[in-house]
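Fold and contact review
Below, each chain spelled out in residue letters.
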Amino acid sequence: MRVEIIPCLQDNYSYLIIDDSNNSACVVDPSETKPVINFLKNKNINLKYILNTHHHFDHIGGNKDLKKKYGSIVLGFKNDSERIPEIDVLLEDNQIWKAENFTAKIMHIPGHTTGHICFHFFENKLIFTGDTLFSLGCGKIFEGTYEEMFNSLNKIKSLPNETKIYCGHEYTLNNSKFCIKHDPNNLNLKNKIENIKKQVKDGLPTIPSTIKDELDCNIFLRTNDLESFSKLRDLKDNF
Ligand code: ZN
Ligand code: FE
């Protein structure tokens, strides 16, 4: 199983999870159609599944046309069945989704939206976190409560350290400025920022991160109480 990063729109990432043993693939959060088609073009890969973390336009924009072109099956959270275009499979919290050689646990992680989920490919140690956990940041709370977001991040925190994190946006460098401001003596963070700067300079994605890196460096995972988390989230909104 390999993951290909597909940059979309301004700073979104869609991801292709490709199983080379049978040339089948899932796409996570196709913001738009074109970059996904461009990648698949001339390759013998069948886009079997479209996985949506939440209903925002920059995560579902490609659903309709990709489904039409490849006959893909669209998956999303059951409570968002009215908001996720072309949805076929209604997922539930804690469900294990299995198809072909793909296996993922669905985790309901409300906060950014009420119906946000992530896809934990636990056999492959990969997680697709949409707009809930970013590298060195977390999503804005649009529909949920601070407490929901805090609990959702805590769920992700408990996954194995080596789990690779694939998030919905390239916000890492900007996020790092907020982290270092509030955590100025964190050596792990300083080292990570050096790496991030190199990657950005070379035009490379800063993704994937890992649970370990985020536990060490992400200020939103390093706060252990709801009150200081909420305060930080407010500060970040005006940063
Ligand atoms: Zn979003
Ligand atoms: Fe987004």
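Quick caveat: nothing in here was measured; it's all calculated off a predicted structure.

A look at the overall build of the chain
For the chain, the helix and strand inventory stands at nine helices and 14 strands. Its C-alpha radius of gyration of 17 Å places the chain within 12% of the 18 Å reference for a compact globule of 239 residues. Counting across all 239 residues of the chain, residues that qualify as buried make up 53%. On the chain, roughly 10,800 Å² of surface is accessible, and the fraction owed to carbon and sulfur atoms is 48%. Charged side chains of the chain number 30 positive and 32 negative; the gap between the two group centres comes to 5 Å.

Topic: the pattern of salt bridges
For the structure on display, the rule yields twelve salt bridges. Its salt-bridge partner being D20, residue R2 comes within 2.7 Å of it at the nearest N-O pair. In this pair, R2 is assigned in strand β1 (residues 2–8) and D20 in the loop between β2 (12–19) and β3 (24–28), connecting sequence segments 18 residues apart. The salt bridge involving E86 is made with K67; its shortest N-O contact spans 3.6 Å. Residue E86 is located in the loop between β5 (73–77) and β6 (89–91), and its partner K67 is located in helix α3 (residues 63–70); the two are separated by 19 residues in the primary sequence. According to the relative accessible area criterion, E86 is partly exposed, its value standing at 32%.

Notes on the coordination of the zinc ion (ligand 1)
Looking at the zinc ion (ligand 1), one finds its protein donor set to be H54 (NE2), H56 (ND1), H112 (NE2) and D131 (OD), positioned 2.2 to 2.3 Å from the metal centre. For the zinc ion (ligand 1), the four donor atoms in the first shell make angles of 86 to 170° at the metal, so the coordination geometry reads as irregular. Counting gaps between the donor residues of the zinc ion (ligand 1) yields the pattern H-x1-H-x55-H-x18-D.

Quick word on helix α5 (residues 172–182)
Looking only at α5, the buried set comprises T172, N175, S176, F178 and C179. Viewed along the axis of α5, the buried residues span an arc of 165°, placing them on a single side of the element. As for α5, its buried residues are in contact with β11 (133–134), β12 (137–138), α6 (187–201), α7 (211–217), α8 (219–222) and α9 (226–237).

With respect to the pairing of strand β10 (residues 126–130)
With five of its five residues buried, β10 lies for the most part within the structure. Both faces of β10 are covered, namely the face carrying L126, F128 and G130 and the face carrying I127 and T129. Where strand β9 (residues 117–121) meets β10, three bridges bridge the pair, whose relative direction is antiparallel. Residue H120 lies in a different strand from β10, and its bridge partner there is I127. In textbook terms, the turn of a hairpin is the stretch between consecutive antiparallel strands, and for β9 and β10 this stretch comprises four residues, one of which, K125, has a positive phi near 60°. Two strands pair when backbone bridges link them, and β10 and strand β13 (residues 164–167) are joined in this way by four bridges, in the parallel orientation.

So, the coordination of the iron ion (ligand 2)
Distances from the iron ion (ligand 2) to its protein donors, namely D58 (OD), H59 (NE2), D131 (OD) and H169 (NE2), fall within the range 2.1 to 2.3 Å. For the iron ion (ligand 2), the four donor atoms in the first shell make angles of 85 to 168° at the metal, a pattern classed as irregular. Of note, the iron ion (ligand 2) draws all its donor residues from one chain, in the sequence arrangement D-H-x71-D-x37-H. The metal-metal distance between the iron ion (ligand 2) and the zinc ion (ligand 1) comes to 3.2 Å, with D131 coordinating both.

What about the packing of helix α4 (residues 146–157) against α9?
Between α4 and α9, whose axes approach to 10 Å, the crossing angle comes to 105°. Comparing the axis directions of α4 and α9 gives the class roughly perpendicular. Across from Y146, E147, M149, F150 and L153 in α4, the residues of α9 making contact are L226, F229, S230, R233 and D234. Of the residues in the contact of α4 with α9, the class split is six nonpolar, one polar and three charged.

Things to note about the state of the cysteines
Following the criterion strictly, the structure yields zero disulfides and no others. Here C138 is not cross-linked by a disulfide; its sulfur's nearest cysteine counterpart is in C179, at 9.7 Å. Since its relative accessible area comes to 4%, C138 is described here as buried. Among the cysteines around C217, which has no disulfide bond, C179 carries the closest sulfur, lying 7.9 Å off.

Structural notes on the packing of aromatic side chains
The final tally for this structure, using the stated rule, is twelve aromatic pairs. Relative to W97, the ring of Y49 lies with its centre 5.1 Å away and its plane at 80°, an arrangement referred to as edge-to-face. Of this pair, Y49 sits in strand β4 (residues 46–51) while W97 is found in strand β7 (residues 96–99), placing the two residues 48 residues apart along the sequence. Residue Y49 shares its accessibility class with W97, and that shared class is buried. When the ring centre of F39 is taken as origin, the NZ or CZ atom of K43, which lies over that ring, is 4.1 Å away. Above the face of the Y70 ring, K69 is positioned so that its terminal group lies 5.8 Å from the ring centre.

Conventions we followed
Residues numbered from 1 in each chain as written. Chains lettered and ligands numbered in written order. Predicted model: local features only at pLDDT ≥ 70, side-chain atom pairs only at ≥ 80, totals over all residues. Heavy atoms only, no water. Helix = DSSP H or I, 4+ residues; strand = E, 2+ residues; numbered from the N terminus. Rg over C-alpha atoms; globule rule 2.2 N^0.38 Å. Buried < 20%, exposed > 50% of the residue type's maximum accessible area, 1.4 Å probe, protein only. Areas by Shrake-Rupley, 256 points an atom, 1.4 Å probe, with all protein chains shown as cover. Lys, Arg positive; Asp, Glu negative; His and termini not counted. Charge placed at Lys NZ, Arg CZ, Asp CG, Glu CD. Salt bridge = Lys/Arg side-chain N within 4 Å of Asp/Glu carboxyl O. Donors = N, O, S within 2.8 Å, 3.2 Å for Na, K, Ca; no water. Tetrahedral: all angles 85-135°; square planar, octahedral: opposite > 155°, others 65-115°. Arc of directions from axis to C-beta. Contact = heavy atoms within 4.5 Å. Pairing = 2+ DSSP bridges. Axes fitted to C-alpha atoms, helices over the stretch in contact; angles between N-to-C directions. Parallel < 35°, antiparallel > 145°, perpendicular 65-115°, else oblique. Nonpolar A, V, L, I, M, F, W, Y, C, P; charged D, E, K, R; others polar. Disulfide = S-S within 2.5 Å. Phe/Tyr/Trp six-rings, centres within 6.5 Å; stacked < 30°, edge-to-face > 60°. Lys NZ or Arg CZ within 6 Å of the ring centre and 35° of its normal.

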